[in-house]
Amino acid sequence: MASSPFLGIAASITLLLVSLLLMRFFPLNTPPPTPPPPPGLFTAQNLALYNGTDDGLPIHLAILGSVFDVTKGRSHYGAGGGYNHFAGRDASRAFVSGNFTGDGLTDSLHGLSSTQVKSVVDWRDFYFRTYIFVGKLVGRYYDSEGNPTKYLKGAEAKAARGAQLMEKQKNEEAKLPTCNSRWSQEEGSEVWCDNGYPRLVQRPLEMAITGKVSKRCACFTEDELNQPGLEVYEGCDHLSKLCRL
């Protein structure tokens, strides 16, 4: 007895339906696609698309996890621009380190002084004033819900400490008149005091501010010259009001 062609068609349809049901309840062992970040949040991979190489896309950069549209500065941030190394990433450290290659293009501020961290925060404030804020970068400074992390809070606290130290140093140094200074190709560098005598003196807060010891030139009257810690410039007379360096 010959089989009906309708039976074959029905069997094919049944097989297709069974396959679809099996795929629904027993999916292939493949990882699910990574969901895109919520609106206003960027992943590092997503942010990298906005690096200025595609003229059809805006140019974005991040600093301390805040993402800005810098497209209006395409001549600087686009391909071949002097600041293109900042595009498509968070290179917060490079804003103060000046290292625009390799490991220098990182968002880590580890080891930076309080005033250096303050400078990074100041740069972020500049971008808020100058460019369009478009979102947050999920990672070191913001979590997957866009909330600030302990690293961001720590950086902002360190920057605030740096600002306080700089203000304190400014007030302390205002108590001692600063030397005048000038440079010329013929004479080189020289320092002098209109009233008093030039001496090198250590900046007491500099270690806390920058992590380094430095000195500055200040003017002292003759009866103050016996204070400890005052250094006469090499080759300069003890009571000279002008010293060539």
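Note: the structure precedes this text.
Predicted, not measured: the structure shown is a model, and the values here were computed from it.

Cut-off values and rules
- Residues numbered from 1 in each chain as written.
- Predicted model: local features only at pLDDT ≥ 70, side-chain atom pairs only at ≥ 80, totals over all residues.
- Heavy atoms only, no water.
- Phe/Tyr/Trp six-rings, centres within 6.5 Å; stacked < 30°, edge-to-face > 60°.
- Helix = DSSP H or I, 4+ residues; strand = E, 2+ residues; numbered from the N terminus.
- Buried < 20%, exposed > 50% of the residue type's maximum accessible area, 1.4 Å probe, protein only.
- Pairing = 2+ DSSP bridges.
- Axes fitted to C-alpha atoms, helices over the stretch in contact; angles between N-to-C directions.
- Parallel < 35°, antiparallel > 145°, perpendicular 65-115°, else oblique.
- Left-handed = near helix turned anticlockwise from the far one by under 90°.
- Contact = heavy atoms within 4.5 Å.
- Nonpolar A, V, L, I, M, F, W, Y, C, P; charged D, E, K, R; others polar.
- Expected span 1.5 Å × (residues − 1).
- Core = buried A, V, L, I, M, F, W, Y, C linked by side-chain atoms within 4.5 Å.
- Disulfide = S-S within 2.5 Å.
- Salt bridge = Lys/Arg side-chain N within 4 Å of Asp/Glu carboxyl O.

### A look at the packing of aromatic side chains
Then, number 1: Under the defined criterion, the tally for this structure stands at 16 aromatic pairs.
Then, number 2: Here F68 and F133 contribute two aromatic rings whose centre-to-centre distance is 5.8 Å and whose plane-to-plane angle is 65 degrees, an arrangement assigned as edge-to-face. Placement of the pair is F68 in strand β3 (residues 66-69) and F133 in strand β4 (residues 132-137), with a sequence separation of 65 residues.
Then, number 3: Relative accessible area serves as the criterion here: at 0%, F68 is assigned to the buried category.
Then, number 4: Using a relative accessible area of 37% as the deciding quantity, one classes F133 as partly exposed.
Then, number 5: Measuring from ring centre to ring centre gives 5.2 Å for F126 and Y127, while their planes differ by 80 degrees; the resulting arrangement is edge-to-face.
Then, number 6: Its relative accessible area of 28% is what places F126 among the partly exposed residues.

### Thoughts on the pairing of β4
Then, number 1: Pairing between strand β1 (residues 41-42) and β4: 2 bridges, direction parallel. Residue pairing across strands places F42 opposite L137, the latter belonging to β4.
Then, number 2: Sheet topology places β3 next to β4; 4 bridges connect them, and they run antiparallel. Bridge pairing in β4 places D69 opposite I132.

### As for the packing of helix α5 (residues 114-130) against helix α6 (residues 150-173)
Then, number 1: Where α5 meets α6, the axes come as close as 7 Å, and the angle between the chain directions of the two elements is 110 degrees. The pairing of α5 with α6 is recorded here as roughly perpendicular in orientation. For α5 against α6, the interelement crossing comes out left-handed. Each of S114, T115, V117, K118, V121 and R124 in α5 lies in contact with α6, whose residues at this interface are L152, A155, E156, K158, A159, G162, A163, L165 and M166.
Then, number 2: Of the residues that constitute the contact of α5 with α6, the class distribution is 8 nonpolar, 3 polar and 4 charged.

### Topic: α5
Then, number 1: Its 17 residues give α5 an end-to-end C-alpha distance of 24 Å, which sits within 8% of 24 Å, the value for a rise of 1.5 Å per residue.
Then, number 2: Turning to α5, its buried residues number three or more, namely S114, T115, V117, V120, V121, R124 and Y127.

### Quick look at the nonpolar core
Then, number 1: In this structure, L64, V70, L109 and Y127 are the most contacted members of the largest nonpolar core, which totals 25 residues.
Then, number 2: If you list the elements that add at least two residues to this core, you get β2 (60-63), α4 (94-97), α5 and α6.
Then, number 3: If one sorts the elements of this core by residue count, α5 sits on top with 4 residues.
Then, number 4: Not counting residues within four places of it along the chain, the set of residues in contact with V70 comprises I59, L61, Y77, Y127 and Y131.
Then, number 5: Core analysis: the second largest hydrophobic core is formed by 9 residues, V191, C219, Y233 and C236 among them.

### Description of the state of the cysteines
Then, number 1: This structure, assessed with the given rule, holds 3 disulfides.
Then, number 2: The residue that forms a disulfide with C179 is C217, at a sulfur-sulfur distance of 2.0 Å. With the S-S bond torsion at -75 degrees, the cross-link from C179 to C217 turns out left-handed. Of this pair, C179 sits in the loop between α6 and β5 (180-184) while C217 sits in strand β8 (residues 215-220), and the two are 38 residues apart along the sequence. Of the two residues examined, C179 and C217, each falls in the buried class.
Then, number 3: Covalent S-S linkage joins C193 and C219, the inter-sulfur distance amounting to 2.1 Å.

### Things to note about the pairing of β5
Then, number 1: Here 5 bridges tie β5 to strand β6 (residues 188-192), and the two strands are oriented antiparallel to one another. Looking at β6, one finds that N180 is bridged to W192.

### Examining the pattern of salt bridges
Then, number 1: This model, assessed by the stated rule, comprises 8 salt bridges.
Then, number 2: Put simply, R74 and D55 hold a salt bridge, and the shortest N to O gap is 3.6 Å. With R74 in helix α3 (residues 74-77) and D55 in the loop between α2 (44-47) and β2, the pair connects residues that are 19 residues apart, well separated along the chain.
Then, number 3: When the shortest N-O distance is used, the salt bridge between K118 and D122 registers 2.9 Å. In this pair, K118 and D122 are both assigned in helix α5, 4 residues apart and thus about one turn of the helix distant.
Then, number 4: The structure contains a network of salt bridges with shared partners spanning R124, D125 and E156.

Interpretation in functional terms is not warranted from these geometric data alone.
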